[in-house]
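As a plain string of letters, each chain reads:
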Protein chains: 2
Amino acid sequence: MERGPGAGAGRWGPVSCVLTGASRGFGRSLARLLAPRFGEGSVLLLLARSAAPLADLAAELRGSAAGLRVECVAADLGCEQGLRQATAALREVLPSGPPGRLLLINNAGSLGDISKSFLDLTDPDEINSYFAFNVTSALCLTSTALQTFGKRPGSSRTVVNISSLCALKPFKSWALYCSGKASRDMMFQVLALEEPDIRVLNYAPGPLDTDMQLLARTKTGDPEMRQQFQSLQESRKLIDCTVSAQKLVNLLEEDTFPSGAHVDFYDI
Amino acid sequence: MERGPGAGAGRWGPVSCVLTGASRGFGRSLARLLAPRFGEGSVLLLLARSAAPLADLAAELRGSAAGLRVECVAADLGCEQGLRQATAALREVLPSGPPGRLLLINNAGSLGDISKSFLDLTDPDEINSYFAFNVTSALCLTSTALQTFGKRPGSSRTVVNISSLCALKPFKSWALYCSGKASRDMMFQVLALEEPDIRVLNYAPGPLDTDMQLLARTKTGDPEMRQQFQSLQESRKLIDCTVSAQKLVNLLEEDTFPSGAHVDFYDI
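Please read all numbers here as calculations on a predicted model, not as lab measurements.

Each helix and strand counted, chain A has eight helices and seven strands in total. For chain A, the C-alpha radius of gyration of 18 Å lies close to 18 Å, the compact-globule estimate for 268 residues. C-alpha extents for chain A along the principal axes are approximately 55 × 40 × 40 Å. Residue burial in chain A is summarised as follows: out of 268 residues, 57% are buried. Across chain A, contacts joining residues at least 24 apart in sequence account for 77% of those joining residues at least 6 apart.

On to the packing of helix H1 (residues 25–34) of chain B against helix H2 (residues 51–64) of chain B. Residues and elements named next belong to chain B. Where H1 meets H2, the closest approach of the two axes is 10 Å, and the angle between their N-to-C directions is 15°. Put simply, H1 runs roughly parallel to H2. Regarding H1 and H2, the two cross each other, and that crossing is right-handed. Here H1 contributes Arg28, Ala31 and Arg32 to the contact with H2, which in turn contributes Leu57, Glu60 and Leu61.

All names here are of chain B. Pairing is parallel across the open sheet formed by seven strands, whose spatial order is E3-E2-E1-E4-E5-E6-E7. Each having just a single partner strand, strand E3 (69–74) and strand E7 (261–264) make up the two edges of the open sheet. The mean inter-strand angle of the sheet, taken between neighbouring strand axes irrespective of direction, is 15°. Summarising the sheet, strand E1 (residues 16–20) and strand E4 (residues 101–106) pair through four bridges and their orientation is parallel. Each bridged residue has a counterpart across the sheet, and for Val18 the counterpart in E4 is Leu104. Sheet strands touched by H2: strand E2 (43–48) and E3. Its angle to E3, the strand with the most contacts, is close to 180°. Relative to strand E6 (residues 198–204), helix H8 (residues 241–254) is tilted by about 155°, and along the sheet it contacts E4, strand E5 (156–162), E6 and E7.

Here chain B sits on chain A after a turn of 180° about the axis and a move of 0.0 Å along it, with an RMSD of 0.0 Å. Here the two chains are linked by the operation of a two-fold rotation axis. Rotation axis and chain B: the residue whose C-alpha lies nearest the axis is Ser183 of chain B, separated from it by 2.4 Å. Both copies share a contact surface, since 100% of the interface residues of chain B are interface residues in chain A too.

We now examine the sheet that holds strand E3 (residues 69–74) of chain A. Residue and element names in this part refer to chain A. With respect to topology, seven strands assemble into an open sheet ordered E3-E2-E1-E4-E5-E6-E7, the strand pairing being parallel. Only two strands of the sheet have a single neighbouring strand rather than two, namely E3 and strand E7 (261–264). This sheet shows a mean twist of 15° between the axes of neighbouring strands, independent of strand direction. In this structure, strand E5 (residues 156–162) lies alongside strand E6 (residues 198–204), joined through six bridges in parallel fashion. The partner of Ile162 across the bridge, within E6, is Tyr203. Those strands touched by helix H8 (residues 241–254) are strand E4 (101–106), E5, E6 and E7, and its axis lies near 155° from that of E6.

Now for the packing of aromatic side chains. Here the structure, examined in full by the defined rule, presents 15 aromatic pairs over all chains. Between Tyr130 of chain B and Phe131 of chain B, the aromatic rings sit 5.9 Å apart at their centres with planes inclined by 85°, giving edge-to-face as the arrangement. Here the two residues Tyr130 of chain B and Phe131 of chain B agree in accessibility, since each one is buried. Here Trp174 of chain B and Tyr177 of chain B contribute two aromatic rings whose centre-to-centre distance is 5.2 Å and whose plane-to-plane angle is 85°, an arrangement assigned as edge-to-face. In textbook terms, an aromatic cluster arises when at least three aromatic residues are bridged by ring pairs, as seen for Tyr130 and Phe131 of chain A together with Tyr130 and Phe131 of chain B. A cation over an aromatic ring shows up here: Lys247 of chain A above the ring of Phe265 of chain A, its NZ or CZ 4.0 Å from the ring centre.

Time to look at the pairing of E6 of chain A. Residue and element names in this part refer to chain A. Counted residue by residue, E6 has seven buried out of seven residues, so it is predominantly covered. Alternating residues of E6 divide into Ile198, Val200, Asn202 and Ala204 and Arg199, Leu201 and Tyr203, and every residue in both groups is buried. Between E5 and its parallel partner E6, the chain crosses via helix H5 (residues 175–194), and the hand of that crossover is right-handed. One ladder, built from four bridges, connects E6 with E7; its direction is parallel. Looking at the pairing, Ala204 lines up with Asp264 of E7.

Here the focus is the side chain of Lys181 of chain A. All names here are of chain A. Note that Lys181 resides in helix H5. Look at Lys181: it is buried, it has no salt bridge, and the nearest opposite charge is Asp185 at 7.3 Å. Apart from residues no more than four positions distant in its own chain, Lys181 is found in contact with Ile162, Ser163, Ser164, Cys166 and Ala167.

As a further point, take the interface of chain B and chain A. Contacts between the two partners involve 46 residues from chain B, matched on the other side by 46 residues from chain A. For the pairing of chain B and chain A, the buried interface totals around 3,800 Å² over both sides, and the portion due to carbon and sulfur atoms is 73%. In terms of surface lost to chain A, no three residues of chain B exceed Phe118, Leu119 and Met186 of chain B, which account for 20% of the buried area on that side. Applying the counting rule to chain B against chain A returns zero salt bridges. Put simply, chain B and chain A have 12 residue pairs in polar contact (both at pLDDT 80 or more) between them.

Moving on: the nonpolar core. Counting 106 residues, the largest nonpolar core has Trp174 and Leu191 of chain A together with Trp174 and Leu191 of chain B as its most contacted members. If we skip the residues at most four places from it in the chain, Leu191 of chain B touches Phe118 and Leu119 of chain A together with Thr142, Leu146, Val159, Ile198 and Val200 of chain B.

Residues and elements named next belong to chain A. Over its 26 residues, helix H4 (residues 124–149) runs 35 Å from end to end, which matches the ideal 38 Å to within 8%, given 1.5 Å per residue. Helix geometry: H4 is bent most strongly at Ala132, by close to 40°. Of all the 26 residues making up H4, 20 are buried; the element is thus mostly covered by neighbouring parts of the structure. N-cap assignment for H4: the residue whose side-chain oxygen lies 3.0 Å from the backbone N of Asp125 is Asp123. Positive backbone phi, approximately 75°, marks Gly150, located one or two places after H4.

Further remarks concern helix H6 (residues 211–219) of chain B. All names here are of chain B. Every buried residue of H6 is accounted for by Gln213, Ala216 and Arg217. With its buried residues spanning 85° around the axis, H6 presents them on a single face. Residues of H6 that are buried make contact with helix H7 (223–234).

Parameters and conventions
Residues numbered from 1 in each chain as written. Chains lettered and ligands numbered in written order. Predicted model: local features only at pLDDT ≥ 70, side-chain atom pairs only at ≥ 80, totals over all residues. Heavy atoms only, no water. Helix = DSSP H or I, 4+ residues; strand = E, 2+ residues; numbered from the N terminus. Rg over C-alpha atoms; globule rule 2.2 N^0.38 Å. Buried < 20%, exposed > 50% of the residue type's maximum accessible area, 1.4 Å probe, protein only. Contact = heavy atoms within 4.5 Å. Axes fitted to C-alpha atoms, helices over the stretch in contact; angles between N-to-C directions. Parallel < 35°, antiparallel > 145°, perpendicular 65-115°, else oblique. Left-handed = near helix turned anticlockwise from the far one by under 90°. Pairing = 2+ DSSP bridges. Least-squares fit on C-alpha atoms with pLDDT ≥ 70 in both. Phe/Tyr/Trp six-rings, centres within 6.5 Å; stacked < 30°, edge-to-face > 60°. Lys NZ or Arg CZ within 6 Å of the ring centre and 35° of its normal. Right-handed = clockwise from strand over helix to strand, strands pointing away. Lys, Arg positive; Asp, Glu negative; His and termini not counted. Salt bridge = Lys/Arg side-chain N within 4 Å of Asp/Glu carboxyl O. Buried area = accessible area lost by both parts, 1.4 Å probe. Polar contact = N/O pair within 3.5 Å; in protein donor to acceptor, adjacent residues only side chain to side chain. Core = buried A, V, L, I, M, F, W, Y, C linked by side-chain atoms within 4.5 Å. Expected span 1.5 Å × (residues − 1). Bend = angle between axes of the 7 residues up to and from the residue. Arc of directions from axis to C-beta.

Structure, rendered in structure tokens:
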């Protein structure tokens, strides 16, 4: 990425940044790495379901970077009202942010009920809710952010989808997660194709040492899969969120990925 | 596929078959090819939105195969009530059908509003409705059918997902269709992995000469894409539904595809 005039080493120019799933795990680590890089006048909009940790993070980040405005909205992106709150926040915050660079990171996501097999997934409400949160909200937030930010001469726009190996490869007990991630990857590939001026990245962060992995190794219905997740932890192969978030930051700084590409933590 | 004892040349044994999107296009052609192959005592449950053409097809098929019971349910699989009607029909019809072979074909699908680009897709209701019809209903019908049919010694169960090149490759103006098809392919790959006894096929029928192609070449927002669809028609490259449905029937008869595979019309 270009650096703004007068920016210090490793500092970017002013950025309008939106990050979902910001309150914990990978999202929080990424926010902590990004905030100090954002140049004077940047604005960072954080979204997540949990109000308290989100407010804590916002307060922390405000102290970490001079001239950075941090806004946060606690909203459940899986429900209509929450998504409406989030898109309203985008429409309010983005026009007041710096016009030169937009960075949108779709990180929010959920596993679904991984205790269930495909054959147990008979409840349409459960499945519709899963897709509303994991697919629809990412699409709506992205289209709204891009519409609101607009196409301005000389500006750069980058959209990141936090993806997974599950977007490419099926795993037992993970029908919803795999199909949601496959759907998102494809959706963002279409965006890359339609909008050659927008940089689009599907980043698979690797097996992270997060609450989601705790669920994976304790709740996955298939015993073999559950054992594999346990082994990942026991053999210390889980990746620290900050390590993976740093790789994403590097990818964004180098800015050489083909737009629409799926890039895995282990590829780089 | 095994043939039932005493079956004539090209006739299968008794089958319990469910086909969605049966009233026109590929689904109707497939129904017409399958029905005469089904052995005495078979049951064929046809689902589609349009009641009249569905009833016409059912009447036609009843006359085409001796000892074939044809049931039809007109239901919109994209809405809660329609999906409930469809799953109720499965629960009623399947237990009374032959127990030796289940064939479920998830053919129903829609393009979505292809006049829109990704950036126009800002309405969550539109996107949720798209996924409810194109992804959730296929998952719920499949899990319900498999649960209802059950696992019986010596029986065979085959699940077909009517897929598309769009499951693998992004196309401009087709964000919903591509991501829905990618999602379905992945979902059925998970099923194949979880249930080695079930034969799962993602079949991409090629560019068919259907109402959907008419929409594609007249409504696709991206002019270049629209032109490509027009050229397909002008150069007579569109595939007759019966020709493609016959290839699917051949695949099912040979029954040598790796379970979970994506097989394209042009591959075979």
